[in-house]
Amino acid sequence: MPRDYYEVLGVAKDATSDEIKSAYRKLAKQYHPDVSQEAKETAEAKFKEISEAYEVLSDSEKRSIYDQYGHAGVNQQFSNGGFSWDDFTHYNDISDIFGDIFGSMFGGGRRQSRSANSPRSGESLRYDAEIDLSDVLNGKSIEVSVPHTSNCPDCHGTGGKDGNVHTCRQCGGTGQVQTVRRTAFGQMVSVDMCPTCRGSGSSFEERCPKCRGQGRVQKTTKVSVSIPKGVQDGSRLRVPGAGDAGYNGGPAGDLFVVVHVRPDSVFERDGVNLWTGVTTTYPRLVLGGSEEVRTLEGEKALLKIPAGTQVGSVLRIQGKGLPRPGGGIRGDLFVRVRIDVPSKVSELEKEYLRKLDEGAGGAAPKSTGTKSRIKKKLGV
Ligand SMILES: [Zn+2]
Ligand SMILES: [Zn+2]
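Being a predicted model, the structure only gives us computed values, none of them experimental.

Draft legend 1. Region of the structure containing the side chain of threonine 149. Tracing the backbone through its elements, the reader meets threonine 149 in strand 2 (residues 140-151). Within the local environment of threonine 149, its side chain forms a polar contact with the side chain of arginine 216, the two groups lying 3.1 Å apart. Aside from chain neighbours lying at most four places away, what touches threonine 149 is Arg216, Val217, Gln218, Gly243, Asp244 and Ala245.

Draft legend 2. Layout of the sheet that holds strand 9 (residues 255-261). Taken together, three strands build an open sheet; the order of strands is 1-9-8 and the sheet is mixed. Each end of this open sheet is capped by a strand with a single partner; those strands are strand 1 (125-131) and strand 8 (236-239). Each adjacent strand pair in this sheet contributes to an overall mean axis angle of 25°, direction not counted. Where strand 1 lies against strand 9, seven bridges are found, and the strand directions are parallel. Counted as the bridge partner of glutamate 130 is histidine 260 from strand 9.

Draft legend 3. Main features of a nonpolar patch on the surface. A surface patch of nonpolar side chains, about 520 Å² in accessible area, is lined by Tyr282, Val286, Leu287, Leu353 and Leu356. Contributions of two or more residues to the nonpolar patch are made by helix 8 (282-287) and helix 9 (347-359). Top contributing element to the nonpolar patch by residue count: helix 8, with three residues. Note on placement: tyrosine 282 falls in helix 8. Look at tyrosine 282 and you get partly exposed, because its relative accessible area is 48%.

Thresholds applied
- Residues numbered from 1 in each chain as written.
- Chains lettered and ligands numbered in written order.
- Predicted model: local features only at pLDDT ≥ 70, side-chain atom pairs only at ≥ 80, totals over all residues.
- Heavy atoms only, no water.
- Helix = DSSP H or I, 4+ residues; strand = E, 2+ residues; numbered from the N terminus.
- Polar contact = N/O pair within 3.5 Å; in protein donor to acceptor, adjacent residues only side chain to side chain.
- Contact = heavy atoms within 4.5 Å.
- Pairing = 2+ DSSP bridges.
- Axes fitted to C-alpha atoms, helices over the stretch in contact; angles between N-to-C directions.
- Patch = residues over 30% accessible without salt bridge, like charges linked within 9 Å, V, L, I, M, F, W, Y side chains within 5 Å.
- Areas by Shrake-Rupley, 256 points an atom, 1.4 Å probe, with all protein chains shown as cover.
- Salt bridge = Lys/Arg side-chain N within 4 Å of Asp/Glu carboxyl O.
- Buried < 20%, exposed > 50% of the residue type's maximum accessible area, 1.4 Å probe, protein only.

Geometric values such as these leave the question of function open.
Written out as structure tokens, the structure is:
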């Protein structure tokens, strides 16, 4: 069994994509086989492990599948049935990360970092939705008001008034500026984001009044999310493109709806099955009979009690549990049987119970009550 990906990267389950990225960068620098202090095989295995974890957790779709189904879920996602050494080298960020490794080690000589003004996707957002257990039965459509950033409609995201922009003069449109420093170890070149255009590569004479030159505005969009039947507590549903606006023409981030199922006072969930309880009588347990049980849909189902059922037995009503996420047969409703012991009974009931007890070979005294003792004294 492979290790938990979050554990591999040493991040929390709810880590942001930035946290995941920075954890990976740190580990990749430490274990890259070309630079690691460890034995080659150890470093390679370690590097593979962290790269695999990163490949899954940095991809919002794969991460969501992993969160729901674990390793089994994402392994199916890899085209050749598993992770291979070549897979990760195609990964977008790898040049970025290598740029980092080599950039800092060799004074920028092999730096291949993507330029700052290349398209980047916007931030993904999270919304926590609470639903009832009955919504798991039927599925539910919810409308979420999502506050997010959006490209400014007046300047089309450029930040210049009426969209008028020109190539940034400070960086020549690259979005980056280089600083050369002399140090004891030789020449160091550092590449930073251009302060004039903040990495966009373009600048303007007059800023757009609507967004004050930001190119982005805050807005709230109503997004319909359909929560599927059989949803698990803690599932993440992805709404592509409903997150923050992208940068430099990149795609918008996603919206993740995390589903929380409220605990129910009558039913307890166990996967696709439900548990509940029913109160019956001692005679019905002995002789057999039936009780009405309320199902999650609010209907009444007849529970058959076989003769000789013990207190605490669990009986099953088939098909009255929860639906499976992909469809198919519903789970079952398990009913735990209990009896109510009455604290007040009539004289007639007492008489029957005593006879019953005698019949069962018990030795209940016939005259324990004060009332019957008094009767005897009076000779009634
Ligand atoms: Zn604007
Ligand atoms: Zn610039």
